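# Architecture and fold: a report
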Amino acid sequence: MKLRKFASASVVLALSVLGLTLALQIDDNLEPGARQWIADVEQRIGSVEEPYLLLLGMGVAADEEPRSVALAHFEKYEALIADADTLAEGIVLDAGELHALAHPEGAMFCPDDGALCPALLEAETDTLTAVLHEHSALLQRYRELLQHPVVITPTTPHLIEPYPPISYTMSGQRLHHMSTLLEIRQGAADTALRRLLDEHYQLRSQLAHADSIVFKLVMVAMLERNLELLAHIQATQPEISLARLPRLTREERSLELPMARELTMVAYLYRGMDRHPQFFSTTDESLAQPAPAWLVRALFKPNMSINNSYYRYRAVADLSISPLTDGDKSGGAIAPGLNRSWWSTARNAAGSILSDIAQPEFGPQIERIHELDRKIRSLNAAGAPSTTVIR
């Protein structure tokens, strides 16, 4: 009798364990918002256009065609991403050809994002002319980039994706501003200011359409430089006053496009980890002991993990477009934490931990965008009536 009861209990226990294991194999559906974000990013993948090639090829050697070299580099990257075996070996794409152009150096190219370089303002006219001639190729490429209001990132999101050589773009802007100061010295202040305002609005357009967090922040830094020079000129050329610059728009402040790209990169990563035999491998010895697929799925579910990340990224995007205040500070830009039920955490134990670890803090980035808006307001407030208004 006791043996029969023990056998029955064992069967019930076995069936319960089996049922629980099977239940733990079921993943959730993707949230509609997450699915839409990923679809929007995937629509851009492979759509290589001239502005991106100009940005990626900014540092190509002067005797090379930057678009051709950049396109070849893009194609090599996409081929690498498509080759799972090569990717697993940890091979990193060589980007030497993207950094072959002589890089402007010296005190006139100080690295501070928004500060005007004293050496640039104090440089002799002959010095400015010589530097502009020496780096004419970079200046020309930067001005070509300014002709495009939208730059779309066509690469497949990945941890090793190539970022454009931003230092060249920033130096190209310094050269552009150097040329502007030279024009003012030569008596063409109106022309110089219009050139700066054209740059301002083109950068604003690129800011609004920026689809990566890196490019978004680069545009913010470049706009800070632009405003610094506009303020300097307005202070030193009292006969000229700028028309009021518009405050940042919702699209210019928004981090939705960059967050969508971040989510897509995370989604690709999580999908690749689903039922992966080396999910728990941390050493060479553990690589030889693959984990069973059912165990990995019981602890890690890609869609649930992607949804967790989506809720966080969505909160960051919503926070980035929150109404701006005219105070000195923009009320702590911190996205709210994610509340998960105990059952959700239990069903996706490893995924819940990964989601918490992998989520960076975007509060400082949001605050910097808000600070840019305050700088625009300050420049507007500093303007005074004069004989000439530049629009």
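For the structure itself, look to the data block above.
What counts, and where the lines are drawn
Residue positions within a chain follow its written sequence, with the count starting from 1. Only residues with pLDDT of 70 or above have their local features reported here, since the model is predicted, and side-chain atom pairs are shown and tallied only from 80 upward, although totals for entire chains, interfaces and linings are computed over all residues. Only hydrogens and water are set aside when side-chain values are computed; all heavy atoms of the structure are taken into account. Angles here are taken between N-to-C directions and fall from 0 to 180 degrees, while the axes themselves are lines fitted to C-alpha atoms, restricted in helices to the stretch in contact. Working definition: helices are DSSP H or I runs of at least four residues, strands are E runs of at least two. Numbering for both runs from the N terminus. Roughly parallel here means an angle under 35 degrees, roughly antiparallel means over 145, roughly perpendicular means 65 to 115, and every remaining angle is called oblique. The hand of a helix crossing depends on one turn: near helix anticlockwise from the far one by less than a right angle means left-handed, and clockwise means right-handed. When checking whether two residues touch, look at their non-hydrogen atoms; a contact exists if any pair is within 4.5 Å. By the convention adopted, Pro, Cys, Tyr, Trp, Phe, Met, Ile, Leu, Val and Ala count as nonpolar, Lys, Arg, Asp and Glu as charged, and the other residues, Gly among them, as polar. Each residue is placed in one exposure class: buried if its accessible area under a 1.4 Å probe, protein chains only, is under 20% of its type's maximum, exposed if it is over 50%, and partly exposed if it falls in between. Pairs of cysteine sulfur atoms within 2.5 Å are identified as disulfides in what follows. In this text, buried Ala, Val, Leu, Ile, Met, Phe, Trp, Tyr and Cys residues form a nonpolar core when linked through side-chain atoms within 4.5 Å. Two rings from Phe, Tyr or Trp (for Trp, the six-membered ring) form a pair when their centres are within 6.5 Å of each other. A pair whose planes differ by under 30 degrees is stacked, one over 60 is edge-to-face, and the rest are tilted. Helix span is expected to be 1.5 Å times the residue number reduced by one. For patch detection, residues must exceed 30% relative accessible area and be free of salt bridges, and they are connected within 9 Å for like charges or within 5 Å for nonpolar side chains (Val, Leu, Ile, Met, Phe, Trp, Tyr). Only the protein chains shown count as cover for residues, with accessible areas throughout obtained via the Shrake-Rupley method and a probe of 1.4 Å. One side-chain nitrogen of Lys or Arg within 4 Å of one carboxyl oxygen of Asp or Glu is enough to make a salt bridge.

A pair of packed helices is characterised by two quantities: the angle between their axes and the separation of those axes. Where helix α9 (residues 166–185) contacts helix α10 (residues 189–209), the axes come no closer than 7 Å and their chain directions differ by 155°. When the axis of α9 is compared with that of α10, the two are roughly antiparallel. In this structure, α9 meets α10 at a crossing whose hand is left-handed. The residues of α10 that touch α9, namely those facing Gln173, His176, His177, Thr180, Glu183 and Ile184, are Ala189, Thr191, Ala192, Arg195, Leu196, Glu199 and Leu203. Class assignment for the residues of the contact of α9 with α10 results in 5 nonpolar, 5 polar and 3 charged.

Another aspect to go through is helix α8 (residues 136–146). Buried within α8 we find Leu138, Leu139, Arg141, Tyr142, Glu144, Leu145 and Leu146. Next to the buried residues of α8 lie α3 (50–56), α4 (66–82), α7 (125–134), α9, α10 and α11 (213–236).

The next thing to look at is the state of the cysteines. Per the counting criterion, the structure on display carries 1 disulfide. Covalent S-S linkage joins Cys110 and Cys117, the inter-sulfur distance amounting to 1.7 Å. Taking the sign of the S-S torsion, about -100° here, the bridge from Cys110 to Cys117 comes out left-handed. Using a relative accessible area of 0% as the deciding quantity, one classes Cys117 as buried.

Within the largest apolar cluster, 89 residues are counted, with the highest numbers of intra-cluster contacts made by Trp37, Met108, Leu175, Met178, Leu230, Met259 and Leu263. By residue number, the principal contributor to this core is α11, which donates 12 residues.

Glancing now at the packing of aromatic side chains. The geometry of an aromatic ring pair is captured by two quantities: the separation of the ring centres and the angle between the planes. Evaluation of the coordinates by the stated rule reveals 5 aromatic pairs. Summarising the aromatic geometry, the rings of Tyr52 and Phe74 are spaced 6.5 Å apart at their centres and angled 75° between planes, so their arrangement reads as edge-to-face. Separated by 22 residues along the polypeptide, Tyr52 in helix α3 and Phe74 in helix α4 bring together distant segments of the chain. Assessed through its relative accessible area of 6%, Phe74 is described here as buried. The rings of Trp37, Tyr310 and Tyr311 are connected pair by pair, giving a single aromatic cluster.

For α4, built from 17 residues, the straight-helix expectation of 24 Å at 1.5 Å per residue is met to within 8% by its first-to-last C-alpha distance of 24 Å. Of the positions making up α4, those classed as buried are Pro66, Val69, Ala70, His73, Phe74, Tyr77, Glu78, Leu80 and Ile81.

Turning to a nonpolar patch on the surface, a few remarks are in order. On the surface, Phe280, Trp294 and Leu295 cluster together to form a nonpolar patch covering roughly 290 Å² of accessible area. Its location among the elements puts Leu295 in helix α15 (residues 293–299).

Quick look at the pattern of salt bridges now. According to the stated counting rule, one finds 18 salt bridges in the structure shown. Between Arg195 and Glu183 there is a salt bridge, with the nearest N and O atoms lying 2.8 Å from each other. In this pair, Arg195 is assigned in helix α10 and Glu183 in helix α9, connecting sequence segments 12 residues apart. Linking Asp274 and Arg275 is a salt bridge whose minimum nitrogen-to-oxygen distance equals 3.6 Å.

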